[in-house]
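Listed below are the residues making up each chain.
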Amino acid sequence: MTTAAVTSLMLSSFTVFAETNNTSTELQTLGETAEQGSKDLYSNAVKKEGLTKEYSPNEMVRLIVEVEQPTDVEQSSKNKKSMMKQKQDKVIDAITKTKNSKVNSATKVKHRYFEGFNGFSLETEFQNLKEIKSIQGVTNVHIARTFHETMAASKELVQAQKVWEQYGYKGEGLVVAVVDSGIDHTHKDMKLSDDAKVKEKWTQDKMNQKMADTDVNEIWYSDKVPTGYDWADNDTNVIPGLNGSPHGTHVAGTVGANGDEATGGVAGIAPGVQLLAEKVFSDMGGGAYEDDIIAGIEHAVTMGADVINMSLGVDAGYVSEEDDPTQKAIRVATERGTLVVVAAGNSAHSTKNNLFLDSASKPYAENPDIGTVGAPSV
């Protein structure tokens, strides 16, 4: 199933809006430079920092703020998560009490992170980045990138049926988290067979027990899609709305639909799996923010996902720095035994010789690179 899933998710396309890896002196002065009316200096500073989009000082952005980790002494005296939260609270309190009214009046905390790194995300004006980065206890600040969903291929392409026939296995007992635009768990093909129910990891009773034993507040959808959350719109409705994208349901179907093909239904690569609906694309449209994606990854790990599927990304990816927050979240998920599958991408040939020809245009023989691998998969 793993081989089939990885192969199928190679086929994809996606778009990047903006990204940055660090905040150096030049980036910290962007707000003042723009306010001084020197647009050329502002644009040059933006480009020097590797941003693919120029921000105006008053433009609202999402920032991922990393906070220093608790010391060994602090961790030994109190619960680690509690100490992490205290350090986050100090930074958040400093933001709300800053003398710069533009910072404290236009800043809203969205997510908190305790697994891959200690930090939180917030919405604020671009010009506030310098002020926030200078606060004591802040170790790094990232502008949350925006990702777009990608499409996947079918079980016929990867010949998943051979696995079913040779091993008599269709993914029963596994949980796959679909980090995407949501899942229509009421769809007629989103169901488990009786054989799969015998091995299902999450039953409603087990979910209720977990809620009683921990601080999670899950909502039960069905045996096929036991739970999830809409991280983009901050609610428990994971079914894509009228303005939302059906892509997540499409991907979930490719991964694990269990419909009757004889009557027009769809059967996915691993019909026996359960699915977690980690919704990171808003019903209002637009791409998926990086901080929402990290929240979805952390929740999937908490719910014991065996596989995390992310059919999303940015074109022509780069190797991220060690402090990249998404990579940290993926690394922790991997270390805890979760297979993270991310779309590699096939938007175009990176060395296509003529952009005005159709998609069959081939690279020159002396430069045969015919693929573009995206981020964060790269």
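One can find the structure itself at the top, above this paragraph.
**Q** What should I look at first to understand helix α14 (residues 290-302) in this one?
**A** Note that an α-helix has 3.6 residues per turn; residues three or four places apart therefore point the same way. The first and last C-alpha atoms of α14 sit 19 Å apart over 13 residues, in line with the 18 Å expected at 1.5 Å per residue. For α14, a buried count of twelve out of 13 residues is recorded, marking the element as mostly surrounded by other parts of the structure. Among all positions of α14, only E290, D291, D292, I293, I294, A295, G296, I297, E298, H299, A300 and V301 are buried. G304, located one to two residues past α14, shows a positive phi value of around 70°.

**Q** Just checking my understanding: could you explain the packing of aromatic side chains for this structure?
**A** Any two aromatic rings considered together are summarised by their centre-to-centre distance and by the angle between their planes. Scanning the entire structure with this criterion turns up three aromatic pairs. The interplanar angle of 15° and the centroid separation of 4.9 Å between the aromatic rings of Y55 and F126 together place this pair among those described as stacked. Here Y55, found in the loop between α4 (39-48) and β1 (60-67), pairs with F126, found in the loop between β3 (119-125) and α8 (129-133); they are 71 residues apart in sequence, far enough to count as distant. Side by side, Y55 and F126 carry an identical accessibility label, which is buried. The residue whose ring lies beneath R62 is Y289, and the NZ or CZ to ring-centre distance is 3.7 Å. For the cation-ring pair, K170 lies above W164, with the distance from its terminal atom to the ring centre recorded as 4.6 Å.

**Q** Can you walk me through the side chain of H299 in this structure?
**A** The residue H299 is located in helix α14 in this model. For H299, a relative accessible area of 10% puts it in the buried group. Setting aside residues up to four positions removed in sequence, H299 forms contacts with E218, T227, G228, W231 and E278.

So, how was this worked out
- Residues numbered from 1 in each chain as written.
- Predicted model: local features only at pLDDT ≥ 70, side-chain atom pairs only at ≥ 80, totals over all residues.
- Heavy atoms only, no water.
- Helix = DSSP H or I, 4+ residues; strand = E, 2+ residues; numbered from the N terminus.
- Expected span 1.5 Å × (residues − 1).
- Buried < 20%, exposed > 50% of the residue type's maximum accessible area, 1.4 Å probe, protein only.
- Phe/Tyr/Trp six-rings, centres within 6.5 Å; stacked < 30°, edge-to-face > 60°.
- Lys NZ or Arg CZ within 6 Å of the ring centre and 35° of its normal.
- Contact = heavy atoms within 4.5 Å.

Remember that the coordinates give geometry; whether it matters functionally is a separate question.
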